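Observations on chain architecture
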Amino acid sequence: MSVGIVVLIAVIALLVGAVGGFFIARKYMQDYLKKNPPVNEEMLRSMMASMGQKPSEKKVRQMMQQMKNQK
């Protein structure tokens with residue numbers, strides 16, 4: 001086999017691996033963020049308290065529900 005063909009096969013394999021890895025990583029991160037949302041109720045309470053608001057349970061649950069509906 002000539003060196004050109006070996007290099008061509010290596011480049012094609014590298015491109016296929018990069019494209020496949022991108023889509024696999026993208027799907028993995030989407031699933032991870034769906035299962036582990038970046039904001040939880042405790043974070044909302046601390047954000048509201050730092051903004052000077054009194055974090056009532058009703059308001060926290062309402063905001064969490066709005067974030068879930070947004071998806």
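This text follows the structure it describes.
In this report, we go over the structure that sits alongside the text. (Residues numbered from 1 in each chain as written. Predicted model: local features only at pLDDT ≥ 70, side-chain atom pairs only at ≥ 80, totals over all residues. Heavy atoms only, no water.)

1. A short note on the overall build of the chain
Scanning the chain for helices and strands turns up three helices and zero strands. The linear arrangement of helices and strands in the chain, starting from the amino end, is α-α-α. For a compact globule of 71 residues, the expected C-alpha radius of gyration is about 11 Å, and the chain comes in at 23 Å, more than 25% above that figure. For the C-alpha atoms alone, the extent of the chain along its principal axes is close to 75 × 20 × 15 Å. Looking at the chain residue by residue over its 71 residues, the buried ones come to 6%. For the chain, the computed accessible surface area is about 6300 Å², with 67% contributed by carbon and sulfur atoms. Computed over 11 positive and 4 negative side-chain charges, the separation of the two mean positions in the chain equals 6 Å. (Helix = DSSP H or I, 4+ residues; strand = E, 2+ residues; numbered from the N terminus. Rg over C-alpha atoms; globule rule 2.2 N^0.38 Å. Buried < 20%, exposed > 50% of the residue type's maximum accessible area, 1.4 Å probe, protein only. Areas by Shrake-Rupley, 256 points an atom, 1.4 Å probe, with all protein chains shown as cover. Lys, Arg positive; Asp, Glu negative; His and termini not counted. Charge placed at Lys NZ, Arg CZ, Asp CG, Glu CD.)

2. A look at the environment of lysine 34
Counting through the fold element by element, lysine 34 comes out in helix H1 (residues 3-35). Sequence separation between lysine 34 and alanine 10 is 24 residues, and the spatial gap between their C-alpha atoms is 36 Å.

3. With respect to a nonpolar patch on the surface
Judged by side-chain polarity, Met1, Ile5, Val6 and Ile9 come together as a nonpolar surface patch covering roughly 440 Å² of accessible area. A relative accessible area of 41% means that isoleucine 5 is categorised as partly exposed. (Patch = residues over 30% accessible without salt bridge, like charges linked within 9 Å, V, L, I, M, F, W, Y side chains within 5 Å. Salt bridge = Lys/Arg side-chain N within 4 Å of Asp/Glu carboxyl O.)

4. Section: the pattern of salt bridges
One side chain can pair with another of opposite charge once the charged atoms of both are near each other. Scanning the entire structure with this criterion turns up six salt bridges. Where aspartate 31 meets lysine 27, a salt bridge forms, and the shortest distance between an N and an O atom there is 3.3 Å. Within this pair, aspartate 31 and its partner lysine 27 are both found in helix H1, separated by four residues, close to a single helical turn. Given the relative accessible area of 28%, aspartate 31 is considered partly exposed. The partner of glutamate 57 in a salt bridge is arginine 61, and the shortest N-O contact between them spans 3.2 Å. Of this pair, glutamate 57 and arginine 61 both sit in helix H3 (residues 57-70), separated by four residues, roughly a single helical turn. For glutamate 57, a relative accessible area of 37% gives the class partly exposed. Judged by relative accessible area, which is 47%, arginine 61 ranks as partly exposed. A network of salt bridges, in which partner residues are shared, links Glu41, Glu42, Arg45, Glu57 and Arg61.

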